[in-house]
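# Structure assessment
So you can see what is in the structure, the chains are spelled out below.
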Amino acid sequence: MIVLKNGQEEPSGGIGCCGYILYALSMLTIIITFPFSLCLCIKVVQEYERAVIFRLGRLLSGGAKGPGLFFIIPCMDSYTKVDLRTVSFDVPPQEVLTRDSVTVAVDAVVYYRVKNATMSITNVEDANRSTRLLAATTLRNVLGTKNLSEILSDRENISHLMQTSLDEATDPWGVKVERVEVKDVRLPVQLQRAMAAEAEASREARAKVIAAEGEQKASKSLKEAADIMIQSPAALQLRYLQTLNTISAEKNSTIIFPLPIDMLSVFMKK
């Protein structure tokens, strides 16, 4: 029977009578073959590793060993090294049907690490493979509840939601999911063209509105200027001279002289 204690699983019973006999024989063999037996009894794990030891199939008390040297009994103990460093992997592109019935291909990257070596060995067959499969499933489940616009504009919240879901699911396995990032969202070609046409039409509509507003403001300014020039005839002449000065500055050989309509009306009557 295995009980849970301080987040680690420990055996509640002994190794039995046969186990003690094998233990005595193993110790006797180690003493007889000393110091050559040290090559088989002393093992080393790195700073970023832990060793989970099983004695006659039972989890050895004290939890995972390491870093540094630890002692095992040949023929009785078996151990597994667990890497505690952060691991990153790419979630393969997943075909997801969004809530507004749009099919998109989404891929992501997940960063995780083993926080409890004992639980990662005793509670799940392969913690790394299980975490990868769960990440792909969680990606499809989370994105299936979102609209296309939310997927494209709200990636940060989606990543946080995926991280929370994965972290809760992998906690019994002794795995800590540190970060999840949505890498790329690939849309169908026809949808890309439709979105591009919609964006272009929206930009053209805004440009026309802005041009119309500019024409409206310009017409108001011209009306105010015309009212001022009516009150002072000399102002119109000054404006005419200023226009001629501007034309001559541009090295233009064509000069237009405006004629009042009143002058032409006299010849029309004749």
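Residues numbered from 1 in each chain as written. Predicted model: local features only at pLDDT ≥ 70, side-chain atom pairs only at ≥ 80, totals over all residues. Heavy atoms only, no water.

For the chain, the name recorded in an unreviewed UniProt entry is Mechanosensory protein 2-like isoform X4, with Biomphalaria glabrata as its organism. Per its UniProt entry, the chain bears the Subcellular location (unreviewed entry) comment "Membrane". (UniProt positions renumbered as here; feature names shortened; annotations may be inferred.)

## Re the nonpolar core
Val 91, Val 104, Val 106, Val 110, Leu 139, Leu 143 and Val 185 are the most contacted members of the largest nonpolar core, which totals 28 residues. At the level of elements, β8 (87–97), β9 (103–114), α4 (127–143), α5 (148–153), α6 (155–170) and β10 (175–186) are the ones that each hand at least two residues to this core. Here this core gets 6 residues from one element, more than from any other, and that element is α4. Residues in contact with Val 110, not counting those within four places in the same chain, are Val 87, Ser 88, Phe 89, Val 91, Ala 135, Leu 166, Val 177, Arg 179 and Val 180. (Core = buried A, V, L, I, M, F, W, Y, C linked by side-chain atoms within 4.5 Å. Buried < 20%, exposed > 50% of the residue type's maximum accessible area, 1.4 Å probe, protein only. Helix = DSSP H or I, 4+ residues; strand = E, 2+ residues; numbered from the N terminus. Contact = heavy atoms within 4.5 Å.)

## Description of unusual backbone geometry
Cis geometry is found at the peptide bond from Phe 34 to Pro 35, where omega equals 5°. Among the structural elements, Pro 35 can be located in the loop between α1 (16–32) and α2 (38–41). Following Gly 66, the chain continues to Pro 67 via a peptide bond in cis, the omega torsion being 0°. Here Pro 67 lies in the loop between β5 (58–59) and β6 (68–71). Phi is positive for Cys 75, close to 70°, though the residue is something other than glycine. Within the secondary structure layout, Cys 75 lies in the loop between β6 and β7 (77–83). Not every positive phi belongs to a glycine, and Ser 101 is a case in point at roughly 65°. Mapped onto the elements of the fold, Ser 101 is located in the loop between β8 and β9.

## A short note on the UniProt feature "transmembrane region" (unreviewed entry) in the chain
In this numbering, the UniProt entry assigns the feature "transmembrane region" (unreviewed entry) to residues 20–45. Between the end C-alpha atoms of residues 20–45 the distance is 27 Å, and the span holds 65% helix and 15% strand.

## A word on the sheet that holds β9
A sheet is described by the order of its strands in space; here 3 strands give the open sequence β8-β9-β10, paired in antiparallel fashion. Edge strands, defined here as strands with exactly one partner in the open sheet, are β8 and β10. Each strand of the sheet is rotated relative to its neighbour by a mean of 25°, with strand direction disregarded. In this structure, β9 lies alongside β10, joined through 10 bridges in antiparallel fashion. In the strand pairing of β10, Ala 108 is matched with Val 182. α6 rests against β9 and β10 of the sheet, and its axis sits at about 145° to β10. (Pairing = 2+ DSSP bridges. Axes fitted to C-alpha atoms, helices over the stretch in contact; angles between N-to-C directions.)

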